[in-house]
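What follows is the residue order along each chain.
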Amino acid sequence: MAVEVAMEQDRVTGRLWTVRLAPHGHPSAGAVKLSCSRPACAETRFPSAAEGRKAAIGHVNTHLAHIRAGGGPRGEARCACRAADCAWHTPDPDTGRRGGPRPPAETVRCGGPVVLTVYADRAGRLWRIAETCARCAAATPGSRVLDTAAAPSRTTPAGAGRPAEDPAGQHQHPAAPAAAGSMAALFSHQAGSPAIGAPSADGSAGLPRARRTSANAPRQAKPRGKIAQRAVPHDLKPDALRLELIDLGDAFRAYQQDPEPDLALLAELHDRKAHAFRLWADVTGDGSLRHEADRAEAAAQATREMHTNRTVQPAGETGERPAAGRLLTRAQAATARAALGHLPAHCPLPGAGARLAVLMLALRAAKDGTLHVTGQDLITWLPDDAEQVVEQLVAASWLDLPGTVADLMASRPENPAVVTVPVPPAGQPGPFTFSKTARSRISNWAQKAVSDRKLRKKKAAASTRLLALYTAAHTRPDGRLGLPEDDGLPLDMVAAFCALTPEEISEHTGLLTAAGWLAEADVAGGRLRGRLSERTLPLGGLL
């Protein structure tokens with residue numbers, strides 16, 4: 001016993017390195033930061049989780065190369081898992097999750113040689129390299145054994161007694177097991193397991209075997225399937241449902257390992273999960289499964305919208321160029337179209353200039369009807385008659401100024417004017433509902449469309465800018481105008497919005513084509529057909 005205590009005191013704690021990926025910045029940006037527990041490793045930031053995972057795997061491989069170059073795992077090291085109170089594989093008795101209350105120290109022991117292990121969590125956010133015992137390595141889910149340490153030499157401290165001599169003339173401690181390389185019990189196993197070196201029922205030593213690492217080693221039977229942290233019952237009926245759930249769980253885990261995201265595939269997986277979980281809920285009567293199905297259905301819709309909004313290719317493209325990002329989501333684009341449709345009948349004055357000013361001011365106004373505006377804003381929207389239009393809106397009691405029109409036109413960004421526009425009385429709903437985020441996004445979208453640099457260079461009139469807004473709001477994901485079944489936009493509706501006659505639409509459409517707003521356009525048969533250019537495709541409204 002004195003020998004074992006002395007050996008334990010002489011041992012060093014097993015080495016441990018952890019590599020982590022954590023979100024960095026705003027969650028929607030997708031950026032991550034890579035950190036390593038090794039003091040010499042500095043934090044590194046990456047624009048996407050895929051790049052971060054690739055760098056993390058390379059970082060782990062570099063660590064492993066250094067460890068192997070230095071001799072690999074040390075046979076005299078203590079189990080790093082035991083030093084962590086066996087938190088890596090001891091489950092919580094209440095929840096079944098690892099990381100719960102630990103059993104008393106005297107009830108756990110370690111077993112087997114020291115091995116070098118690497119662990120990666122299923123979410124691809126944590127990697128752990130550690131020197132542990134073979135028993136802890138085998139008990140830790142997701143842990144792989146990469147190398148096994150040679151058994152350390154046995155030494156006897158002074159005062160521990162003389163060693164016995166074997167028939168061959170070599171010295172051996174009386175307590176040492178006969179098998180070469182086996183060691184006294186100093187690692188962790190559950191209470192009741194055979195002691196290290198003690199013979200088992202079949203007469204062999206009770207050492208746990210390290211995991212097989214050979215590529216041609218026979219595989220163990222696959223564990224029961226899991227999906228969404230739920231175990232799929234082995235007796236679940238019908239069998240087709242059980243197999244579908246197991247296959248879905250495997251598919252989600254495989255997707256997490258893909259280096260690049262595929263949102264279309266992810267949306268399909270969520271759809272399958274929603275359908276399978278509803279069937280599962282019907283079979284078992286578990287309401288939580290139906291709730292999970294609703295969540296999967298919502299996730300599928302959100303993922304599909306994200307795919308459409310952020311990765312839409314222009315018409316005629318083959319995927320060789322980067323996808324065009326969209327300024328508006330589908331819901332925000334629908335709200336923008338509602339605002340444009342409300343404008344013609346509720347503008348206090350006729351004329352395209354007044355209509356454009358009313359639209360831009362109303363979109364920028366907060367819920368109480370107040371907004372900040374400068375003279376430069378108005379001149380950008382209406383380069384020729386901004387001051388005249390403001391005077392008309394003030395005279396019509398639609399716009400309330402703190403001073404004179406001249407003061408408003410002279411205001412600058414560092415000191416903008418605070419003006420007021422009409423809003424519905426308290427308690428009465430407005431013509432359309434804006435959230436704070438949607439109002440800001442739609443106002444920014446309209447500002448980018450109206451103040452397009454090529455439209456400004458061409459000195460486009462208010463009617464032309466209104467036509468640009470209308471065409472942008474009524475496009476499909478490929479940039480074409482109108483829904484496929486409608487074959488373009490009706491000229492009478494376009495003309496009514498732009499304060500033009502149907503005959504004048506052709507002239508202004510030609511101006512948009514010359515300015516590069518439309519890649520192609522055709523006015524015939526009472527319809528306006530065309531397609532946004534690649535430059536203006538991000539402004540498309542996603543019909």
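Given the structure is predicted, the values throughout are model-derived calculations rather than measurements.

1. A closer look at the packing of aromatic side chains
Moving on, step 1. According to the stated counting rule, one finds two aromatic pairs in the structure shown.
Moving on, step 2. Between Phe-277 and Trp-280, the ring centres sit 5.4 Å apart and the planes meet at 65°, which makes this aromatic pair edge-to-face. Pair noted here: Phe-277 and Trp-280 are both in helix 6 (residues 263-284), with a separation of three residues, about one helical turn.
Moving on, step 3. On the basis of relative accessibility, which here comes to 0%, the residue Phe-277 falls in the buried class.
Moving on, step 4. By relative accessible area, Trp-280 is classed as buried at 5%.
Moving on, step 5. Summarising the aromatic geometry, the rings of Tyr-470 and Phe-497 are spaced 5.1 Å apart at their centres and angled 40° between planes, so their arrangement reads as tilted. With Tyr-470 in helix 15 (residues 462-473) and Phe-497 in helix 16 (residues 491-498), this residue pair connects regions lying 27 residues apart in the sequence.
Moving on, step 6. The ring of Phe-277 has Lys-273 lying over it, and the distance from NZ or CZ to the ring centre is 5.5 Å.

2. Some remarks on the nonpolar core
Moving on, step 1. Among the nonpolar cores identified, the biggest contains 68 residues, and Leu-356, Trp-381, Leu-399, Trp-445 and Trp-517 are the most heavily contacted of them.
Moving on, step 2. In terms of residue count, the dominant contributor to this core is helix 9 (residues 352-364) (nine residues).
Moving on, step 3. Residue contacts for Trp-381: discarding those within four places in its chain leaves Leu-356, Met-360, Leu-361, Arg-364, Val-373, Gln-447, Val-450 and Arg-465.

3. Here's the deal with the sheet that holds strand 15 (residues 489-490)
Moving on, step 1. Strand order across the open sheet formed by three strands is 15-17-16, with antiparallel pairing between neighbours. The open sheet has two free edges, formed respectively by strand 15 and strand 16 (518-524), since each of these has just one partner strand.
Moving on, step 2. Pairing of strand 15 with strand 17 (residues 527-532) involves two bridges; the strand directions are antiparallel. Bridge pairing in strand 17 links Pro-490 to Arg-527.
Moving on, step 3. Running over the sheet, helix 17 (residues 502-514) touches strand 16 and strand 17 and is turned about 165° from strand 16.

Cut-offs and rules
Along each chain, numbering runs from 1 in the same order as the chain's sequence is written. Only residues with pLDDT of at least 70 are given local features in this predicted model, and only at 80 or more are side-chain atom pairs given and counted; all residues enter the totals for whole chains, interfaces and linings. The basis for every side-chain value is the complete set of non-hydrogen atoms in the structure, without hydrogens or water. Working definition: a ring pair exists when centres of Phe, Tyr or Trp rings (six-membered ring for Trp) sit within 6.5 Å. Plane angles under 30 degrees give stacked, over 60 give edge-to-face, the rest tilted. What counts as a helix is a DSSP run of H or I of at least four residues, what counts as a strand is a run of E of at least two, and both are numbered from the N terminus. Burial status follows relative accessibility: with a 1.4 Å probe on protein chains alone, a residue under 20% of its type maximum counts as buried, one over 50% as exposed, and anything between as partly exposed. Either the NZ atom of lysine or the CZ atom of arginine qualifies as a charge over a ring when it sits within 6 Å of the ring centre and within 35 degrees of the ring normal. Throughout this description, the term nonpolar core refers to a set of buried Ala, Val, Leu, Ile, Met, Phe, Trp, Tyr and Cys residues connected via side-chain atoms within 4.5 Å. The contact criterion used is simple: two residues touch if any of their non-hydrogen atoms lie within 4.5 Å. At least two DSSP bridges between two strands are needed for those strands to be called paired. In this analysis an axis means a line fitted to C-alpha atoms, helices contributing only their contacting stretch, and an angle means the value between N-to-C directions, from 0 to 180 degrees.

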